[in-house]
Amino acid sequence: MDHQELHVRAGTSGRDAYGLDIGPARGVLRHASLRVLDLPPGGSHLLAAGDSEWLVVPLGGGCTVRTEGADLELAGRAGVFDGPTDFAYVPRDADARITAGAGGRFALAGARCERRLPARRGPAPEVPVEARGSGNCARSVRNFAAADAFACDRLIAVEVITPGGNWSSYPPHKHDEYVPGRESELEEIYYFAFERPGGYGYHRISPSRAGGAELLAEVRSGDAVLVPDGWHGPSIAQPGNAMYYLNVMAGPGPEREWKISFHPDHMEGYQ
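These numbers come from a predicted model, not from an experiment.

Caption draft 1: Just empty space enclosed by the protein, in detail. Scanning the model with the defined rule gives one cavity of 30 Å³ or more in all. Put simply, the largest cavity is a space of about 90 Å³. Asp153, Arg154, Tyr178, Ser184, Glu185, Leu186, Gly251, Gly253, Pro254, Glu255, Arg256 and Glu257 are the residues that line the largest cavity. Residues that form the lining of the largest cavity fall into these classes: three nonpolar, three polar and six charged.

Structure follows, in C-alpha cells:
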C-alpha cells in the first residue's frame, strides 16, 4: 500500500469546513472516520451523521451540540494536554448542530454502524485514565470511549499522552483478523499533536500478511496515520516534547471489543 495513503499530512485532506477529513471515501478504510472542525467565535456547523455514529471531542475550546431535541453542553478544555474532556455522542441518521461561542477545534470520530443509540453527553470526570507501560514505555491512556467505558455500536476511541522521549503503542500489536476470544478485527486512525511547537515523532506499521500495510513516518501536529491492517507501533515521541494521539477504531466483528495480538519478536524483556 502506498506510503502517502497511510500517512496523511496536516493540511492535505481538508474538505469544506473540515481541516482533516478521513473516512471510507478515501478508499483505505471501510469503517472508521475522523474529521477535524475549526470554528471561529460564534461559529456553527451542521453534522449530518448518515450511516455512522459520531463522537464530538473538543480538542481546544468548548461547544454546544444540539441533536435529537437536546442541547449537549461541552465545557471542553484549553488543549489536549490539559486532561480529559467531556464529549457528545451523535447517533446515526441524526443531524447535529455544533456551536462554539468562543470558537475552538473539535474532532469528530465516526464509525459506520447498524444500531441507533441515544444521543448523550460523556462527562470528563467519568473518563477512565490508565497508566500503561513502564520506564521509557510509560504513557497515559484516556479510555473515554473504550469498549468497556462508553456505549457505542461500533466505535472505539481513546486518547494517549506519551512523555517526551518515550515509546508508546509498544510492543507492536495488531487487530486485523477476527479470532474468537483472542483478536478483534479493527481498523484504526491515529491523529497526532505535540505539546510544544515544532514537535515530531515516528510511527511504524509493519505487514502482518503479504502485501499488507507498511509505513515508517515522521509525524507532526495535525498529521494522521491510517492502519487498515498490520502490526503497528511503536509511536516514538521527540525527547522533551510530549506527544498526543487520538485513536479511532471500528470494524465488522460480531462484538464491539478490543482484543489484540502482540508481535512475538518484540516481547522478550518487555514488562
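Caption draft 2: Representation of the environment of Arg220. Within the secondary structure, Arg220 is located in strand 20 (residues 215–220). Among the residues examined, Arg220 registers a relative accessible area of 35% and is labelled partly exposed. Considered as a pair, Arg220 and Phe194 are 26 residues apart in the sequence and their alpha carbons are 7.1 Å apart. Here Arg220 is in contact with Phe192, Phe194, Gly198, Gly199 and Tyr200, once residues within four sequence places are set aside. A polar side-chain atom of Arg220 sits 3.3 Å from the main-chain carbonyl oxygen of Gly198.

Caption draft 3: Spotlight on the pattern of salt bridges. Evaluated as defined, the whole model comprises 21 salt bridges. Across the salt bridge formed by Glu183 and Lys174, the nearest N and O atoms sit 2.9 Å from each other. The exposure class of Glu183 is buried, given its relative accessible area of 3%. According to the relative accessible area criterion, Lys174 is buried, its value standing at 7%. Asp176 is paired through a salt bridge with Arg209; the nearest N and O atoms lie 3.2 Å apart.

Caption draft 4: Inspection of the side chain of Asp21 at higher detail. Positionally, Asp21 belongs in strand 2 (residues 18–22). Looking at Asp21, the relative accessible area reads 14%, which means it is buried. Here Arg15 takes part through its side chain, which lies 2.5 Å from a polar atom of the side chain of Asp21. The residues touching Asp21, leaving out its near neighbours within four places in the chain, are Ser13, Arg15, Arg26, Leu34 and Arg35.

Caption draft 5: Spatial organisation of the sheet that holds strand 23 (residues 243–250). Ordered by their spatial adjacency, seven strands build an open sheet running 1-21-18-23-13-12-11, and the pairing between neighbours is antiparallel. The sheet is open, and its two borders are formed by strand 1 (7–8) and strand 11 (129–132), each paired with just one other strand. The sheet contact formed by strand 18 (residues 187–194) and strand 21 (residues 224–227) spans four bridges and is antiparallel. Across the sheet, Ile189 pairs through a bridge with Leu226, a residue of strand 21.

Caption draft 6: Expanded view of the packing of aromatic side chains. Using the criterion set out here, one finds nine aromatic pairs in the structure. Pairing Tyr190 with Phe192 gives two aromatic rings, centres 5.9 Å apart and planes at 20°, and the pair type is stacked. Classification of Phe192 by relative accessible area gives buried; the value is 0%. Ring geometry for Phe192 against Tyr245: centres 5.8 Å apart, planes inclined by 65°, an arrangement best described as edge-to-face.

Caption draft 7: Representation of the layout of surface pockets within the structure. Size it by volume and the largest pocket reaches roughly 410 Å³. Along its surface, the largest pocket is lined by 26 residues, and Glu130, Arg132, Asn143, Trp258 and Ile260 are the ones closest to its centre. Looking at the lining of the largest pocket, the elements with two or more residues in it are strand 11, strand 12 (139–145), strand 13 (156–162), strand 18 and strand 23. Each residue belonging to the lining of the largest pocket can be placed in one class, and the counts come to 15 nonpolar, four polar and seven charged.

Caption draft 8: Layout of the environment of Asp95. Along the chain, Asp95 turns up in strand 8 (residues 95–100). Judged by its relative accessible area of 47%, Asp95 is partly exposed. For Asp95 and Val65, which are 30 residues apart along the polypeptide, the C-alpha to C-alpha distance reads 9.9 Å.

Cut-off values and rules
- Residues numbered from 1 in each chain as written.
- Predicted model: local features only at pLDDT ≥ 70, side-chain atom pairs only at ≥ 80, totals over all residues.
- Heavy atoms only, no water.
- 1 Å grid on protein atoms, 1.4 Å probe; cavity = no way out; pocket = protein on both sides within 12 Å on 5 of 7 lines; lining within 4 Å.
- Points joined across faces, edges and corners; volume = space filled by probe spheres on them.
- Nonpolar A, V, L, I, M, F, W, Y, C, P; charged D, E, K, R; others polar.
- Helix = DSSP H or I, 4+ residues; strand = E, 2+ residues; numbered from the N terminus.
- Buried < 20%, exposed > 50% of the residue type's maximum accessible area, 1.4 Å probe, protein only.
- Contact = heavy atoms within 4.5 Å.
- Polar contact = N/O pair within 3.5 Å; in protein donor to acceptor, adjacent residues only side chain to side chain.
- Salt bridge = Lys/Arg side-chain N within 4 Å of Asp/Glu carboxyl O.
- Pairing = 2+ DSSP bridges.
- Phe/Tyr/Trp six-rings, centres within 6.5 Å; stacked < 30°, edge-to-face > 60°.

On their own, these measurements won't tell you what the molecule is for.
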